[in-house]
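This is what each chain is made of:
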Amino acid sequence: MITITAVIRAKSGHEVVMRDALVTVAAHVAANEPETIGFFISQSEEDPCVFTTYERFADKAAMDRHNGSAVVAAFFGIAKPILDGEVILVTSKEVSATVR
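Here the residue index of a chain counts from 1 through its sequence in written order. Whole-chain, interface and lining totals are the exception, using all residues; otherwise, since this is a predicted model, local features are given only for residues with pLDDT of at least 70 and side-chain atom pairs are given and counted only at 80 or more. Calculated side-chain values reflect all of the structure's heavy atoms, with hydrogen atoms and water omitted.

Draft legend 1. The arrangement of the packing of helix α1 (residues 15-32) against helix α3 (residues 70-79) in detail. Comment: axis = line fitted to C-alpha atoms, over the contacting stretch for helices; angle = value between 0 and 180 degrees taken between N-to-C directions. Note on conventions: DSSP H or I runs of at least 4 residues are helices, E runs of at least 2 residues are strands, and numbering of each starts at the N terminus. Across the interface, α1 lies against α3 with an axial gap of 10 Å and an inter-helix angle of 180°. By the angle class used here, α1 and α3 are roughly antiparallel. Residues Val17, Met18, Ala21, Leu22, Thr24, Val25 and His28 of α1 pack against Val71, Phe75, Ile78 and Ala79 of α3. Each residue gets one of three labels, nonpolar for Ala, Val, Leu, Ile, Met, Phe, Trp, Tyr, Cys and Pro, charged for Asp, Glu, Lys and Arg, and polar for the others, Gly among them. In terms of residue class, the contact of α1 with α3 is built from 9 nonpolar, 2 polar and no charged. Any angle from 65 to 115 degrees is called roughly perpendicular, while one under 35 is roughly parallel, one over 145 is roughly antiparallel, and all others are oblique. What makes two residues a contact is simply this: any of their non-hydrogen atoms within 4.5 Å.

Written out as structure tokens, the structure reads:
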């Protein structure tokens, strides 16, 4: 299992736009990407401008298909002008998971 954790900071006042753009990606993943095993979005309780995604892929090929998809390109088209800093990405091999 390959995972990506992303930390995304929106400019103040653009939280709803960023959240909606991320939710659009999640809806696409649910409907069209069976090898994307999980796509989780969180919004910080302390700073609503900060979002985190946790993405789980069956393998590197699934991750590459997701990252190269039109929906991810559209997301970055929306997100780029409202980002407050660089997106922090951590790509990893999953060591352990507990899912209920």
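Moving on from the coordinates now.
Draft legend 2. A look at the sheet that holds strand β1 (residues 2-9). On the basis of which strands lie adjacent, the open sheet formed by 4 strands has the order β2-β3-β1-β4 and antiparallel pairing. Both outer strands of the open sheet, β2 (36-43) and β4 (88-93), are each paired with one neighbouring strand and no more. Strand-to-strand twist of the sheet, defined as the mean angle between neighbouring strand axes without regard to direction, takes the value 10°. Paired strands are those between which DSSP finds at least two bridges. Sheet topology note: the β1/β4 ladder contains 6 bridges and is antiparallel. The residue bridging Ala6 from the neighbouring strand is Leu89, located in β4.

Draft legend 3. How the structure looks around α3. Between buried and exposed lies partly exposed: a residue is buried under 20% and exposed over 50% of the maximum accessible area for its type, with that area taken using a 1.4 Å probe on protein chains only. Along α3, the residues that are buried comprise Val71, Val72, Phe75 and Ala79. The buried residues of α3 all sit within an arc of 100° when viewed along its axis, so they share a single face. What points out from α3, more than 90 degrees from its buried face, is the exposed set Ala70, Ala73 and Gly77. Summarising the contacts, the buried residues of α3 are in contact with β1, α1 and α2 (60-67). The arc under discussion is defined with respect to the helix axis, by the directions toward the C-beta atoms.

Draft legend 4. Layout of the UniProt feature "domain: ABM" (unreviewed entry) in the protein. In this numbering, the UniProt entry assigns the feature "domain: ABM" (unreviewed entry) to residues 2-91. Spanning residues 2-91, this segment combines 40% helix with 31% strand, and its end C-alpha atoms are found 7 Å apart. UniProt positions are given in the numbering used here, feature names are shortened, and annotations may be inferred rather than shown by experiment.

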